[in-house]
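Listed below are the residues making up each chain.
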Number of protein chains: 2
Amino acid sequence: MPELKDQFDKSGPQPAVAAEVDRSQLNLLLLSNGALADKRAEVISELYGASPENPKTILFVAFALNDQDAAAKRMTAWLEPLGIKVISAHTVADPVALLDKVDGVFVTGGNTFRLLDKLQKSGLLEAIKQKALAGMPYMGASAGINVTGPTIMTTNDMPIVQPASFEAMNFVPFQINPHYVDGKFYYEEGGKVVPYQGETRADRINQYHEDNATPVVGVREGSALRIKGKAVEILGGKPVTLFEQGKPAAEITDAKILSSLIERLESTPAVKPRTPFSKP
Amino acid sequence: MPELKDQFDKSGPQPAVAAEVDRSQLNLLLLSNGALADKRAEVISELYGASPENPKTILFVAFALNDQDAAAKRMTAWLEPLGIKVISAHTVADPVALLDKVDGVFVTGGNTFRLLDKLQKSGLLEAIKQKALAGMPYMGASAGINVTGPTIMTTNDMPIVQPASFEAMNFVPFQINPHYVDGKFYYEEGGKVVPYQGETRADRINQYHEDNATPVVGVREGSALRIKGKAVEILGGKPVTLFEQGKPAAEITDAKILSSLIERLESTPAVKPRTPFSKP
């Protein structure tokens, strides 16, 4: 056993020293799916500072989806009445250059691996990161919020595409798990509802913590996080679930706890976000 | 759009030409979880050709689990009465060398990303592949059957570790989805059972087929595949579900269809298993 352990120690990628990130200008709306219902239009208009009288233009990124034309059409129909003009990244030659000319970004859901791969290959991963850290309003939904943590290592999605790296935008120094669900899953078989024998969501996040130290925030269906600088609001009326390595999961309704978590993670080297790293 | 598309075409990894694989000597038992119940001991004894009078020794690989000591202890207690001596890969200095001295392999479940990463780093991925293709009995459970397809790109697991590649052992030329479940998932919230809003398993496999051509076989909980050469048996009394790109999902009870699928995939270059490849 010692020899094999040594071998892993030598061959495994080492955690990089996390660069200091200035999060003071962030202006984020992070939606799990189905979030905010009737208040959604209002919250989105506030994020982008848009109204029919004061229209804004955003870069829409639907890389997570296969049919980006259809997604762009849906978003246009939905957002234009709010005074938000949508330009879909897949329709322009140089989406990175376009970022200098828009007022905000919206990265929508689908498959997180496909999204991250295309963000990396197009150069948008780094470009959006820099713009959002400088204050550009960013809205993400589902896969679009997985990429706002240090890595996509707590996505629920199937790894249908292999990105060069799992590292993401690190807007928040904790991992995000969207569509968070407590307890067992069930499914129908032979006319009966039976418990699923595979891992629960908490089991999977605990597996993550067997190999990684970064805290994980589970954002329930119908919930959202509104983040300005390091100030966090929890929208949607449900608690989020905070998973920290070696501690029991905690239900959080007071968003100040998340703000404190950001401060703590930034000032505690031991739990700073790190690059993907497999323990021996 | 054309320019961005071109950029992806140039930068994306290209599919490798699949090497010819001779599967005629394979002797596999691929268990989804909870498979075979009371018949499990009999089927496993048959696989390894073991009995208390004619004991065999196997290499047990629990790399998918965090607590490998506990897993090895459980397996020993379970298999030794059947005449199967268990040596856990994590307890030996050179598990690759040990493969020359054992009669079979058992790769058990847990997290598929962690498993593949450690199989790659220890050299066991290639070593087990060569031994099993030469006829060594191989049993896999859950994550241990994800690694028997061309890639792990249809695992249900969370990507808690980043392996160097998603490519796996390619014993079968189709992808495997263990714990396969039809239709919607449900969960309990506020005392009620509510439908999960995230993707169904079929949705996820359809996403895989938006970017990849390899067929996917969903193996239900409680089911197993017994494979000798290209001859397949479906154990457990439930159908498997076959997903082919561009076709509706099909329920398969006649295992000869899977044998034919193997023949067809081996003789049809267009749908040969390929390396992870992201479409523009």
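Trainee: Looking at this structure, I do not really get the overall build of chain A. What am I missing?
Mentor: Looking only at helices and strands, one finds 9 helices and 13 strands in chain A. Within chain A, buried positions represent 60% of all 280 residues. The contacts in chain A between residues at least 6 apart in sequence include a share of 71% that link residues at least 24 apart. Total accessible area computed for chain A in this model is approximately 10700 Å², and 53% of it derives from carbon and sulfur atoms.

Trainee: What is the right way to read the relation of the copies chain B and chain A from this model?
Mentor: One copy of the chain maps onto the other through a rotation about an axis followed by a shift along the same axis. Superposing chain B onto chain A takes a rotation of 180° plus a shift of 0.0 Å along the axis, which leaves an RMSD of 0.0 Å. Taken together, the turn and the small shift mark the pair as related by a two-fold rotation axis. Nearest to the rotation axis, the C-alpha of Y186 of chain B is located 2.5 Å from it, this being the minimum over chain B.

Trainee: Please clarify how the packing of helix α5 (residues 112-122) of chain B against helix α6 (residues 124-133) of chain B should be interpreted in this entry.
Mentor: Geometrically, a packed helix pair is captured by the angle between its two axes and the distance between the axes. Residues and elements named next belong to chain B. Relative orientation of the contacting elements α5 and α6 amounts to 85°, with a least axis distance of 5 Å. Here α5 lies roughly perpendicular to α6, going by the angle between them. When α5 is examined against α6, the residues L116, L119, Q120 and S122 are found in contact with a partner set consisting of L124, L125 and I128. Split into classes, the residues belonging to the contact of α5 with α6 amount to 5 nonpolar, 2 polar and no charged.

Trainee: Which parts of the structure should I look at to understand the packing of aromatic side chains?
Mentor: Within a pair of aromatic rings, the relevant descriptors are the distance that separates the centres and the angle that separates the planes. Applying the stated criterion to the full structure yields 16 aromatic pairs over all chains. Judged by centre distance (6.4 Å) and plane angle (75°), the rings of F113 of chain A and F166 of chain B are edge-to-face. Highlighted residues: F113 of chain A in helix α5 (residues 112-122) and F166 of chain B in the loop between α7 (143-146) and β6 (175-180), drawn from two different chains. We classify F166 of chain B as buried; its relative accessible area is 0%. Taken together, the ring pairs connect F185, Y187 and Y196 of chain A together with F185, Y187 and Y196 of chain B into an aromatic cluster.

Trainee: What exactly am I supposed to notice about the environment of V107 of chain B here?
Mentor: Position of V107 of chain B relative to the elements: it lies in strand β4 (residues 104-107). For V107 of chain B, the contacting residues outside a window of four places in its chain are V61, L115, I128, Y138, M139, G140, A141 and G144 of chain B.

Trainee: What am I meant to see in the sheet that holds strand β5 (residues 138-141) of chain A here?
Mentor: In a beta sheet, neighbouring strands pair by backbone hydrogen bonds and run either parallel or antiparallel. Residues and elements named next belong to chain A. An order of β3-β2-β4-β5-β1-β10-β11 is seen for the 7 strands of this open sheet, with the pairing classed as mixed. The outermost strands of the open sheet, each flanked by one partner alone, are β3 (84-88) and β11 (231-235). The average angle at which neighbouring strand axes cross in this sheet is 20°, direction not considered. Sitting on the sheet, helix α3 (residues 68-79) touches β2 (56-61), β3 and β4 (104-107), and the angle it makes with β3 is about 170°.

Trainee: Can you walk me through empty space enclosed by the protein in this structure?
Mentor: The method is simple in principle: a probe with the dimensions of a water molecule rolls over the atoms, and the space it marks as empty is what remains. On inspection of all chains with the given rule, the structure shows 6 cavities of 30 Å³ or more. One number sums up the size of the largest cavity: a volume of about 250 Å³. Where the lining of the largest cavity is concerned, the elements lending two or more residues are α8 (201-211) of chain A together with α8 (201-211) of chain B. Its residues assigned to classes, the lining of the largest cavity shows 6 nonpolar, 5 polar and 8 charged.

Trainee: Got a minute to help me understand the side chain of N27 of chain A in this structure?
Mentor: Residue and element names in this part refer to chain A. Relative to the assigned elements, N27 resides in strand β1 (residues 27-31). Polar contacts involving the side chain of N27 include one to the side chain of R226, which spans 2.9 Å. Apart from residues lying up to four places away in sequence, N27 is in contact with L47, G135, M136, P137, Y138, R226, I227 and K228.

Trainee: What exactly am I supposed to notice about unusual backbone geometry here?
Mentor: Excluding glycine, residues mostly have negative phi values, and the peptide bonds linking residues are mostly trans. Unlike most non-glycine residues, N170 of chain A shows phi in positive territory, near 60°. Residues other than glycine seldom take positive phi values, yet H179 of chain B does so here, at roughly 55°. Relative to the elements of secondary structure, H179 of chain B occurs in strand β6. Judged by its relative accessible area of 6%, H179 of chain B falls in the buried class.

Trainee: Can you help me understand the pattern of salt bridges in this one?
Mentor: Note that side chains of opposite charge can pair when their charged atoms are close. All names here are of chain A. By the definition in use, this model includes 28 salt bridges over all chains. Its salt-bridge partner being K228, residue E46 comes within 3.3 Å of it at the nearest N-O pair. A residue pair is termed long-range when its members are at least 10 positions apart, and E46 in helix α2 (residues 40-48) and K228 in strand β10 (residues 224-228) qualify at 182 residues. Assessed through its relative accessible area of 42%, E46 is described here as partly exposed. We classify K228 as partly exposed; its relative accessible area is 43%. A salt bridge links K247 to E244, with the shortest nitrogen-to-oxygen separation between them at 3.5 Å. What you see here is one network of salt bridges that share partners, running through R23, K230 and E266.

Trainee: Explain the sheet that holds strand β13 (residues 250-252) of chain B here, please?
Mentor: All names here are of chain B. Pairing is mixed in the open sheet, where 4 strands are placed in the order β6-β9-β12-β13. If you trace the sheet from one side to the other, it starts and ends with β6 and β13, each paired once. Within the sheet, the average angular offset between the axes of one strand and its neighbour, ignoring direction, is 30°. Of the strand pairs in this sheet, β6 and strand β9 (residues 216-220) are connected by 4 bridges, and their pairing is parallel. Along β9, the bridge assignment pairs Q175 with V216. In the packing of α8 onto the sheet, the strands contacted are β6, β9 and β12 (240-243), and the crossing angle to β6 comes to about 170°.

What counts, and at which threshold
Counting of residues starts from 1 at the beginning of each chain's written sequence and follows it residue by residue. Chain A is the first chain written and ligand 1 is the first ligand written, with later ones labelled in order. Restriction of local features to residues with pLDDT of at least 70 applies here, the model being predicted, together with a cutoff of 80 or more for giving and counting side-chain atom pairs; totals for whole chains, interfaces and linings are based on all residues. Side-chain calculation: all heavy atoms of the structure are included, whereas hydrogens and water are not. Secondary structure follows DSSP: runs of H or I at least 4 residues long count as helices, runs of E at least 2 residues long count as strands, and numbering of each begins at the N terminus. With a 1.4 Å probe rolled over the protein chains alone, any residue whose accessible area is under 20% of its type maximum counts as buried; one over 50% counts as exposed, and the rest are partly exposed. Two residues qualify as a contact provided that any one of their heavy atoms is within 4.5 Å of a heavy atom in the partner residue. Per-residue and other accessible areas follow the Shrake-Rupley method at a 1.4 Å probe size, with only the shown protein chains counted as cover for residues. The fit set for superposing copies consists of C-alpha atoms from residues with pLDDT of at least 70 in both; the fit itself is least squares. Axes, fitted as lines to C-alpha atoms, cover a helix only where it is in contact. Angles between the N-to-C directions of the axes lie from 0 to 180 degrees. The labels follow the angle: roughly parallel below 35 degrees, roughly antiparallel above 145, roughly perpendicular from 65 to 115, and oblique for the rest. Each residue gets one label: Ala, Val, Leu, Ile, Met, Phe, Trp, Tyr, Cys and Pro are nonpolar, Asp, Glu, Lys and Arg are charged, and the others, such as Gly, are polar. In this scheme Phe, Tyr and Trp rings, the latter by its six-membered ring, pair at centre separations within 6.5 Å, and the angle between planes marks the pair as stacked below 30 degrees, edge-to-face above 60, and tilted otherwise. Strands were regarded as paired on the criterion that DSSP finds at least two bridges between them. Here a cavity denotes grid points, spaced 1 Å and computed from the protein atoms alone, that fit a 1.4 Å probe unable to get out, and a pocket denotes an open set having protein on both sides within 12 Å along at least 5 of 7 lines; residues with an atom within 4 Å of a point are the lining. Grid points are joined across faces, edges and corners, and a volume is the space filled by probe spheres set on the points. Counting of polar contacts relies on pairs of N or O atoms within 3.5 Å, with two restrictions inside protein: one atom must be capable of donating a hydrogen and the other of accepting it, and residues adjacent in sequence are counted only when both atoms are side-chain atoms. In what follows, salt bridge is the name for a side-chain nitrogen of Lys or Arg lying within 4 Å of a carboxyl oxygen of Asp or Glu.

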